[in-house]
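# Coordinates in review
Chain residues, written in single-letter form:
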Amino acid sequence: MSDIIHLLPDSVANQIAAGEVVQRPASAVKELMENALDAGSTNIKLIIKDAGKTLIQVIDNGCGMSETDARMSFERHATSKITKVDDLFAIRTMGFRGEALASIAAIAHVELKTKRTGDETGIKIYIEGSEVKNQEACNSAEGTSISIKNLFYNVPARRNFLKNDSVELRHVIDEFQRVAIPNPNIAFSLHHNATEIFHLEVGSLKQRLMAIFGSSYNTRLIPVEENTGIVKIKGFVIKPEFAKKTRGEQFFFLNKRFIKNAYLHHAVQSAFEEVLPKDSFASYFLLLDVDPKTIDINIHPTKTEVKFEDEKAIYAFLRSAIKKSLGQFNIAPSIDFNQEAFLYNMPLKPVDGIFKQPTIKVDENYNPFRTDILTINKSSEREISNRNNWEKMYSRHTDNQLEFAVKQEEETQQIIHTDWDNELHESNKKSTYQLHNKYILSHIKTGFMIIDQQGAHERILYEHVLETFEKHKSATQQELFPKTIELNTTDFALIQELQPEIQSMGFDIREFGKNTFVIHGVPADTVNYDSSALLEGLIENYKQNFQELKSNKRENLARSMARNMSIKSGKALTQEEMNNLIDELFACKMPYSTPYGKPTISTFSTDELDRRFRK
Ligand code: ADP
Ligand code: MG
């Protein structure tokens, strides 16, 4: 029998390779745009028709190609990006396999026009199904223009497999964004059927994100930045209150290449854990930069999964960088006046024209801000840094910048405060006002801020309880008259299960026959509470949280205790109490949200006010 093995003709081999590289118009878009990036372009234009099924054209102003290179570029394994094995470990370009153009040319009609910087004439090549049909000198701009027409014209099965235009367009837009986001120093545009969908100017990463996702992102983005020996992290996360119920925008770029990585995603999600409303997903745009040596490049070019060394370290760095940003930056939302109608109802002058000092009811025996309880770990770094940030918000009185704030204060002083003059001269002094016994209004350097008193107190108590767990430093106040508490079987069993934790919070409870506990002692900071109501409330909240939030025992108990003991909306507070509350809040690790993920603070800038009143 004769030998039967033979080499496949290039055209067939290329078509097979194309099956891997080009699944749909978006894959060709990705390859062409990446080539334009690798060519050092500063302006990249993508033009498509019928979601790329009829035409995909990428025009760049990059380095261009010589006549020979232009011809070579369509050969399989023809690349200018690596020459030797060592190069594989230092790759910074997007491509390096030399497969893309060969694959695309195998399954479409391709026209290439290219001219190198400084060359007199350019070259035009026309290819159909790997076969060069025409080649001639031409007059063209510096750079490269590649048009892909009739994708899959010779692979009907694939063509039929394509989805409708809106689905394919969505894929194209995704690829376009994945290239455009990490390259804000390059201008991009995307035209579809004569409509310009994106027009992205050169700018900062933030400007790029705003240009793509809308100008509202201006106030939604929190910067993240961290440089370590292993990884450089740069980018933005979206403030938790704008988190999406469906998977939001989640972009990781590794050395400017879009990647998907469940492990790193988990790092981000866990950094957001406490501040994210339940069932929501964090949105992020994070650029990681690592030494190319530490990445496994031996993955397929169309795949977005990537393997790299030091994954664990990167996880930890990423998580802590994001936590730091969430804590450091004022993640409180700006007030939307349309929603917060109460602000409009704030009278500047009383109806009867006579100014009266407001009367505030105070329960003199009750002090929810006992410093012995709420002063948390005074010397800790984060407290100092949070406090410093906080003081910065208040450090005002750089006169001209304050002009407007002072005016406003003058106008309202008689209604709200009698000693504004003193306050105004005391630098860093906090001036607060309670709205509807629910919200605390406070001036800050750049405008004003509204604090939800209950939410803020919940946050303070929550962190306090967690800390007692961590440091085992709860103090128990023994009850003079121990109280018996009888429960139903389920609650009894639940308390039994939670007894070690409840004990370490400072409760001294002991079983006493069937379904009964006796409370011998309570946490020292709860002496003013009815102990049995406190314990029952704790269990009630715990059960509720258990259904709604998937948190561990301690977190759940801390949340429940915080909800239980917090000063409630509707309670009038003294000036001192408000100031204490604010101080304690900003000594927290995460002052900006309640343990339930709701915001505690809204800030509103004088700029915004100026825009509203003084256009
Ligand atoms: P790879 O990008 O993996 O090298 P491609 O098949 O995508 O392989 O491209 C082959 C070669 O063609 C590239 O290495 C590059 O030299 C050249 N090339 C492709 N597109 C461009 C372009 N837009 N500008 C300049 N050169 C290009
Ligand atoms: Mg390429």
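No experiment lies behind these values; they were computed from the predicted model shown.

### As for unusual backbone geometry
You will see that Ala51, though not glycine, has its phi angle at about 55°, which is positive. By the element assignment, Ala51 lies in the loop between β1 (43–49) and β2 (55–60). Overall, Ala51 belongs to the buried group, its relative accessible area being 0%. Positive phi values are uncommon outside glycine, yet Asn193 reaches one of about 40°. Looking at the element boundaries, Asn193 is found in the loop between β7 (187–192) and β8 (195–200).

### Topic: the pattern of salt bridges
Overall, the coordinates contain 22 salt bridges when judged by the stated rule. Between Glu226 and Lys324 there is a salt bridge; the shortest N-O distance is 3.4 Å. One end of the pair, Glu226, is in strand β9 (residues 221–227); the other, Lys324, is in helix α9 (residues 311–328), and 98 residues separate them in sequence. Its relative accessible area of 40% is what places Lys324 among the partly exposed residues.

### Re the site of ligand 1
In the vicinity of ligand 1 lie 18 residues, with Asn35, Thr79, Ser80, Lys81 and Gly98 positioned nearest. One of the backbone N or O atoms of Arg97 is found 3.0 Å from an oxygen atom in ligand 1. A distance of 2.8 Å separates an oxygen atom of ligand 1 from a polar atom in the backbone of Gly98. If ligand 1 stood free it would expose 530 Å²; the protein chains cover 92% of that surface.

### Side note on a nonpolar patch on the surface
Taken together, Met1, Ile4 and Ile5 make up a surface patch of nonpolar side chains, about 510 Å² in accessible area. Relative to the elements of secondary structure, Ile5 occurs in the segment before α1 (10–21).

### What about the sheet that holds strand β3 (residues 109–115)?
Strands sit in the order β5-β4-β3-β6-β2-β1-β7-β8 across an open sheet of eight strands; the sheet is mixed. Each edge of the open sheet is held by one strand with a lone partner, namely β5 (131–138) and β8. Averaged over all pairs of adjacent strands, the angle between strand axes in this sheet comes to 10°, irrespective of strand direction. Bridge count between β3 and strand β4 (residues 122–128): six bridges; the pairing is antiparallel. Across the sheet, the residue bridging to Val110 is Ile127, located in β4. Contacts from helix α2 (residues 25–38) reach β1, β2, β6 (143–149) and β7, with the element oriented near 10° to β2.

### Quick look at the packing of helix α14 (residues 453–471) against helix α18 (residues 575–586)
Interaxial distance between α14 and α18 falls to 9 Å at its minimum, and their mutual angle equals 50°. Here α14 is positioned oblique relative to α18, judged by the angle of their axes. Of the two possible hands of crossing, α14 and α18 adopt the one that is left-handed. Counting all contacts with α14, which are made through Gln453, Ala456, His457, Arg459 and Ile460, the residues of α18 involved are Leu581, Glu584 and Leu585. Considering only residue class, the contact of α14 with α18 consists of four nonpolar, two polar and two charged.

### Some details on the packing of aromatic side chains
One pass over the structure, following the stated rule, counts 15 aromatic pairs. Measuring from ring centre to ring centre gives 5.9 Å for Phe251 and Phe258, while their planes differ by 70°; the resulting arrangement is edge-to-face. Summarising the burial analysis for this pair, Phe251 and Phe258 share the class buried. Each member of the aromatic cluster is reached from another via a ring pair, and the members are Phe213, Tyr217, Phe251, Phe253, Phe258 and Phe285. Just above the ring of Phe161 sits the side chain of Lys163; from NZ or CZ to the centre is 5.6 Å. Across the ring face of Tyr596, the terminal group of Arg563 is positioned such that the distance to the ring centre comes to 4.1 Å.

### So, the environment of Asp310
Here Asp310 is to be found in the loop between β15 (307–308) and α9. Take Asp310: its relative accessible area is 34%, and that puts it in the partly exposed class.

### Re the sheet that holds strand β11 (residues 250–254)
Strands sit in the order β9-β10-β13-β11-β12 across an open sheet of five strands; the sheet is mixed. For this open sheet the edge positions go to β9 and β12 (257–259), each flanked by a neighbour on one side alone. Sheet twist, expressed as the average angle between the axes of neighbouring strands with direction ignored, equals 20°. The pairing of strand β10 (residues 232–238) with strand β13 (residues 284–289) spans six bridges and is classified as antiparallel.

### Things to note about the pairing of β1
Every second residue of β1 is oriented toward a common face, the buried set being Ile44, Leu46 and Ile48 and the non-buried set Asn43, Lys45, Ile47 and Lys49. When β1 meets β7, the two strands line up parallel, connected through six bridges. By the bridge assignment, Leu46 is partnered in β7 with Leu190. Two strands pair when backbone bridges link them, and β1 and β2 are joined in this way by six bridges, in the antiparallel orientation. Within β2, the position partnered with Ile48 by the bridge is Ile56. Between the end of β1 and the start of β2, which pair antiparallel, lie five residues, with Asp50 showing a positive phi angle near 50°.

### Concerning the nonpolar core
Counting 61 residues, the largest nonpolar core has Leu46, Ile148, Phe176, Ile181, Phe188 and Phe285 as its most contacted members. Broken down by element, this core gets its largest block of residues, seven residues, from α2. Core analysis: the second largest hydrophobic core is formed by 30 residues, Phe252, Leu254, Ala267 and Val275 among them.

### Here's the deal with the confidence of the model for the chain
In the predicted model, the chain carries a mean pLDDT of 80, and the fraction of residues at 70 or more is 81%. Low pLDDT (under 50) marks residues 395–429, which in the prediction has 49 contacts with non-local residues, meaning those over four places away or in another chain.

### Quick notes on the packing of α14 against helix α17 (residues 553–565)
Working note: a packed helix pair is described by the angle between its axes plus the distance between those axes. One way to put it is that α14 packs onto α17 with a least axis distance of 8 Å and a crossing angle of 140°. The angle between α14 and α17 falls in the class oblique. Of the two possible hands of crossing, α14 and α17 adopt the one that is right-handed. In this structure, α14 uses Gln454, His457, Glu458, Leu461, Tyr462, Val465, Leu466, Phe469 and Glu470 to contact α17, whose residues at the interface are Arg554, Glu555, Leu557, Ala558, Arg559, Met561, Ala562, Arg563 and Met565. Of the residues belonging to the contact of α14 with α17, the class tally is ten nonpolar, two polar and six charged.

Conventions we followed
Every residue gets a number counted from 1 within its own chain, in the order that chain's sequence is written. Throughout, the order in which chains and ligands are written sets their labels, letters from A for the former and numbers from 1 for the latter. Per-residue local features are limited, in this predicted model, to residues with pLDDT of at least 70; the limit for side-chain atom pairs, both in listing and counting, is 80 or more; totals at the level of whole chains, interfaces and linings are taken over all residues. Here the side-chain values reflect all heavy atoms present in the structure, with hydrogen atoms and water set aside. Where helices and strands are cited, they refer to DSSP runs of H or I of at least four residues and of E of at least two residues respectively, numbered from the N terminus. Only protein chains enter the area calculation, which uses a 1.4 Å probe; residues under 20% of their type maximum are buried, those over 50% are exposed, and those in between are partly exposed. Salt bridge, as applied in this entry: a Lys or Arg side-chain nitrogen positioned within 4 Å of an Asp or Glu carboxyl oxygen. Residue proximity to a molecule or strand is established when one non-hydrogen atom of the residue lies within 4 Å of it. A 3.5 Å cut-off defines polar contacts: any pair of N or O atoms within that distance qualifies, except that in protein one atom must be a possible hydrogen donor and the other a possible acceptor, and neighbouring residues in sequence count only when both atoms are side-chain atoms. Where accessible areas are quoted, they stem from the Shrake-Rupley method and a 1.4 Å probe; at the residue level, only the protein chains shown are allowed to cover. The patch calculation keeps residues exceeding 30% relative accessible area without a salt bridge and links them within 9 Å when they carry like charges or within 5 Å when they are nonpolar (Val, Leu, Ile, Met, Phe, Trp, Tyr). Only when DSSP finds a minimum of two bridges between them are two strands counted as paired. Between N-to-C directions, angles span 0 to 180 degrees; the directions come from axes that are lines fitted to C-alpha atoms, helices contributing only their stretch in contact. In what follows, residue pairs with any heavy atoms lying within 4.5 Å of each other are defined as contacts. Working rule for angles: under 35 degrees goes down as roughly parallel, over 145 as roughly antiparallel, 65 to 115 as roughly perpendicular, anything else as oblique. Each crossing gets its hand from how the near helix is turned against the far one by less than a right angle, where anticlockwise is left-handed and clockwise is right-handed. Under the scheme applied here, ten amino acids are nonpolar (Ala, Val, Leu, Ile, Met, Phe, Trp, Tyr, Cys and Pro), four are charged (Asp, Glu, Lys and Arg), and all others, including Gly, are polar. Only Phe, Tyr and Trp rings take part, Trp by its six-membered ring, and two of them pair if their centres are within 6.5 Å. Stacked means planes under 30 degrees apart, edge-to-face means over 60, and tilted covers everything else. Two thresholds decide whether a charge sits over a ring: the Lys NZ or Arg CZ must be within 6 Å of the ring centre and within 35 degrees of the ring normal. In this description, a nonpolar core means a group of buried Ala, Val, Leu, Ile, Met, Phe, Trp, Tyr and Cys residues linked to one another through side-chain atoms lying within 4.5 Å. Looking at any residue, its pLDDT shows the predictor's confidence there, from 0 to 100.

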